[in-house]
Amino acid sequence: MANLNITSILEKMTGKDKDYRYMATSDLLSELNKEAFKADQDLEPKLTSTVLQQLEDASGDVSGLAVKCLAPLVKKVGEERVVEMTNKLCDKLLNGKDQHRDTASIALKTIIAEVTTTSLAEKILISLAPQLINGVNTGKNAEIKCECLDILGDLLHRFGNLSKDHEYMLTALLSQLGSNQATVRKKSISCIASLAPSLSDDLLAKATLQVVQLLKNRSAKSDITRTNIQMIGSLSRSVGYRFGPHLAETVPLLISYCTNASENDEELREYSLQAGFFNFFLAYICCILNLALKYVSYDPNFTDCMEEDTDEEGQDEDDDDESANEYTDDEDASWKVRRASAKCLSAIIVSRPEMLSKMYLEACPKLIERFREREENVKMDIFNTFIELLRQTGNVTKGQSDIDESSPRWLLKQEVPKVVKSINKQLREKSVKTKVGAFSVLKELVVVLPDCLADHFGSLVPGIEKALNDKSSTSNLKIEALVFTRLVMASHSPSVFHPYIKALSGPILSAIGDRYYKVTAEALRASSVDFRPYIGPIYNAILGRLANQDQDQEVKECAISCMSLVVSTFGDSLQRELPACLPILVDRMGNEITRLTAVKAFSVIANSPLRIDLSCVLDHVVSELTAFLRKANRALRQATLGTLNSLVVTYGGQIGSSSYETIIAELSSLIRKSIPNVGLAVRNKVLPQALVLIRSALLQGQALQALQKFFASLVQSANTSFDVLLDSLICAAKPSQSGGLAKQALSSIAKCVAVLCLAAGDQKCASTIEMLKGILKDDSATNSAKQHMALLCLGEIGRRKDLSNHVQIENIVIESFQSPFEEIKSAASYALGNIAVGNLSKYLPFILDQIDNQQKKQYLLLHSLKEVIVRQSVDHTGQSELKDSYIEKILALLFNHCESEEEGVRNERTSSPAANTRATVAIAIKYSIVERPEKIDEIMYSEIATFLMLIKDSDRHVRRAAVLALSTAAHNKPNLVKALLPELLPLLYDQTVVKQELVRTVDLGPFKHVVDDGLELRKAAFECVDTLLDSCLDQVNPSSFIVPFLLSGLGDHYDVKMPCHLILSKLADKCPSAVLAVLDSLVEPIEKTIMHKPKGDAVKQEVDRNEDMIRSALRAIASLSRISGSDYSIRFKNLMNKIVATPTLAEKYSSVRSE
């Protein structure tokens, strides 16, 4: 039935009336787009013939619809019909009438774009390519040649790797580079670039050599020379890293042409620079950098007083005649050279992060100088290049300080005055685009160096004022100026702005009333200025936006947040205004869109030290907040709890008892999920839930602290006795029918018992300690859980209170070292150490003496000593107390015991010539490097090299310990190791290699088992490299690491492959050019990983591990696929095709990409 309908449509398409033909063609297009449509063998010839006929219709509308019909038609008819259609269209292109040539060309491109099957692509390529090549070689005119080259380019771009006639096509196309028509040469370049990724290395070398030979002919016409230079650039971009072997021939030629070109041949310089900045290799990077720096200021037609770096701040900013004397020449093309140079510098900055310091020394001053560029488009490129320099600095030096005079951050800091001075001149320009670019530079500068404008902000204020007040300012300029102002305010001390509040407040408050909501939102964010004379205008401006309901959500939220800051900061000066303002904030709590922001606003107001008078809205606010505790929105509930807590603390006496009952009723239902910090509690509702919560293994941090305060407050109230609370806590520690409590839960209960005892007073505390001692002394006690809990409680109480009045408590605790239960021995060790913290002078000598005399108890006693050291190191008082009297004794003891054969004992020592001790030393250094600044850092800076050089120790355990120490230092304090990396990196890389002397075979009788003792060391080494890529990228040369070290790791054991995949992903993101250069070699080990299948008898753990490894490899592949130019690697392209063609891999890959 459908085919009869199509037949009717086809008949109408051949009618005389063009409207009928148009409607019939439209109907055909609708039918073809239906998924159910399928043409039979009899209909196909008529269908294709009619559509091709319509392409030549006299009506342009009809022929245009016929072209649209081709896209679905290709999928609805057989492959032979499609090939037949392309042949007919190609014949029309080459031999048809001129007026039909464009339509035939568009039709061919449409068909080529819609081909999806390899078999059809091969048939079209075999049929079409020779005809198009013939058209290029023997075309009657340039127009036919260009159309043929265009279509051939599309064909080769999509299916060039399927062709077997690469050499024939390459020869034909290269011959067109000498054509007299510029358009033919340009199309030929594009066509060869499409073919290049599919060429073999030999054919690529042949093409390059031929172009180089043409370039060496200095007598050639300048047009031909420019074409050949463009051809080199296009080849370089098309094949990416594969062009590397040919750089030795091409780069010197490009540099020569660039430097020797005549003054009138700017295009030759531009093409030379453009061809050079897509492939940077170390041997030529300096030459290209010098060339770019030279020509970024190339302006032979403009040599006036701009060369003098004069301070123009005293000049009239509104000088309307300033631009009247500027040199303008429509024929001047030198700007192209400067633009190409700027892009060349940007490419170097992005691709060579290890050269950042050199870029600051050589390129940064030049870029700052070129901010004065007279061509606006080139100036934008200069700004963008400088912004790339700043971003790369932020990426590479994240987390590093700027104390090292060779670091990029320190070098940038020295350039800040020059940057500000030059930017100030740009902010006085009339061009809005220039001012937007200038603020973009300043924004990025503040992000990278947050406190860098403290001494320069005053000079920037006029520029900000002008950007916000000038009638010619666009919304984009205002937004950029406001965002910059907000960033500076957030990152600098308030005192920096106080002298300029008068100048800034007017423009910012005026911007709050702007029509464009984004300008208003940014103005609100920037309007929380701490200066009292301007409270009234600030308040009125914000109130106008706060009260207005008909505005964008972003503006509403900003107005609420901003008003809360103003009230919390200046509320004492706004007493008369509060009754009008606060009800509006309460009203916003009733709106679902602004509810969360309003709740947070009241938290800010409640936490104000001014104790703002909320009496007019307090009951209403509490009622609303209590209702919010029943909402499903987790973020809203959390914000509500925080705000209620702040209100109860600040306004507890003003909240009615009925409100408290409602609050506690709601909190009791939530207490399993969050801990309220309240002063008044109702025992029957809250305590049972608290006793359930305390058994949770997840209870820790602020939640645990809040629960301790809850029990301390509860015992001081008249509603609950100490004995009842203590019994309740002790009972909570009893094992349930399903098993004992988690270690964390027992620790939480013990802490609450200790806080409870101290809050109840000395008498109750003493009686509790005697009760706990009794449990430990009772020989008939067989309940290990009860003894375990008693020891933990004694330890927690002893840490908070001196227990020396309780005779022989230390001996009672140490007797538990003999228990057959490990958890009791561990608890006893913990208790003894914490009891010693309460009275160092009595109990620490006892512990030290026991370590010397009790060999069998050394391990537990050393843990007690460790507990003492850890607890005393928390504050300066404890540190000085420990250091003054005992540090020498402790060190001497540890040195004496560091040769113990028991690993647990050995791990407490610090120095020894033995291998085990050297490893311990390195681990000790690892634990001494923490993220926060410490006094030891100064000593460590000069001595750390001695410890890290243990990486070349003969013992693998020592080397691994040194690698772990290096990794910790690189993560927490990279400045400690940056200067040592040139020497350490080769040693670290060496640890990533499989060493056969560490691989041994264990004979287990029926079978043999291979043991790799170096596996953990290799894993640690790769993880260390991963850390260095985050913190010290500017010191790492990725090219020397990827091959052979990362390549080796990608084919190593499962435990090594996983960190290697992470490293490869990071390198693909941060150093894409280095990865691209060796991409072919990386494909093989990755492909083996994703194709690996576990044995048939593998256990579930092995299967799951293999799945994790495959997904890890696919994540690395996804990162590689995002590198620009990765599709030029035939091996990688084949790997991607294989993944897509394998359903299971395709599904996993799709899942990984969407993570």
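Residues numbered from 1 in each chain as written. Predicted model: local features only at pLDDT ≥ 70, side-chain atom pairs only at ≥ 80, totals over all residues. Heavy atoms only, no water.

A. Looking closely at the overall build of the chain. Counting its secondary structure elements, the chain contains 56 helices and 2 strands. Across the 1155 residues of the chain, 52% fall into the buried class. At a minimum sequence separation of 6, the contacts of the chain that also span at least 24 residues come to 72%. In the structure as shown, the chain presents an accessible area of about 53600 Å², 49% of it carried by carbon and sulfur atoms. (Helix = DSSP H or I, 4+ residues; strand = E, 2+ residues; numbered from the N terminus. Buried < 20%, exposed > 50% of the residue type's maximum accessible area, 1.4 Å probe, protein only. Contact = heavy atoms within 4.5 Å. Areas by Shrake-Rupley, 256 points an atom, 1.4 Å probe, with all protein chains shown as cover.)

B. Fine view of the environment of glutamine 700. Tracing the backbone through its elements, the reader meets glutamine 700 in the loop between helix H32 (683–693) and helix H33 (701–715). On the basis of relative accessible area, glutamine 700 is assigned to the exposed category, the value being 55%.

C. Here's a closer look at helix H12 (residues 222–239). In a regular helix each residue adds 1.5 Å, so 18 residues correspond to 26 Å; H12 covers 26 Å between its end C-alpha atoms and thus fits that length. Of all the 18 residues making up H12, 14 are buried; the element is thus mostly covered by neighbouring parts of the structure. (Expected span 1.5 Å × (residues − 1).)

D. Highlighting the side chain of aspartate 1052. Here aspartate 1052 lies in the loop between helix H50 (1038–1050) and helix H51 (1054–1070). A distance of 2.7 Å separates polar atoms of two side chains, one belonging to aspartate 1052 and the other to arginine 1018. When residues no more than four places from it in sequence are discounted, the contact partners of aspartate 1052 are Val994, Arg1018 and Lys1057. (Polar contact = N/O pair within 3.5 Å; in protein donor to acceptor, adjacent residues only side chain to side chain.)

E. Spotlight on the pairing of strand E1 (residues 999–1003). Note: E1 against strand E2 (residues 1008–1012), 5 bridges, orientation antiparallel. Paired with aspartate 1003 across the strands is lysine 1008, a residue of E2. What sits between the antiparallel neighbours E1 and E2 is a turn of 4 residues, in which glycine 1005 has the positive phi angle 85°. (Pairing = 2+ DSSP bridges.)

F. Representation of unusual backbone geometry within the structure. In this chain, valine 1043 is followed by proline 1044 through a cis amide linkage whose omega measures 15°. The backbone of arginine 611 sits at a positive phi, close to 50°, despite the residue not being glycine. Within the fold, arginine 611 resides in the loop between helix H28 (595–606) and helix H29 (618–628). The phi angle at glutamine 808 is positive, at roughly 60°, despite the residue not being glycine. Residue position: glutamine 808 is located in the loop between helix H37 (784–800) and helix H38 (809–815).

G. Spatial organisation of the nonpolar core. Counting 192 residues, the largest nonpolar core has Phe386, Leu453, Leu988, Leu1046 and Ile1117 as the members making the most contacts within it. Leaving out residues up to four positions away in the same chain, phenylalanine 386 has contacts with Cys364, Leu367, Ile368, Phe371, Val419 and Val441. Ala39, Ala121, Val251 and Leu253 belong to the second largest nonpolar core, which has 88 residues in total. (Core = buried A, V, L, I, M, F, W, Y, C linked by side-chain atoms within 4.5 Å.)

H. Examining the packing of aromatic side chains more closely. For the structure shown, the criterion picks out 7 aromatic pairs. A centroid spacing of 5.5 Å and a plane angle of 65° characterise the contact between tyrosine 295 and tyrosine 298, whose relative ring orientation is edge-to-face. You'll find tyrosine 295 and tyrosine 298 in the same group, each marked buried. Ring centres 5.4 Å apart and planes at 85° place the aromatic pair phenylalanine 371 and phenylalanine 386 in the edge-to-face group. (Phe/Tyr/Trp six-rings, centres within 6.5 Å; stacked < 30°, edge-to-face > 60°.)

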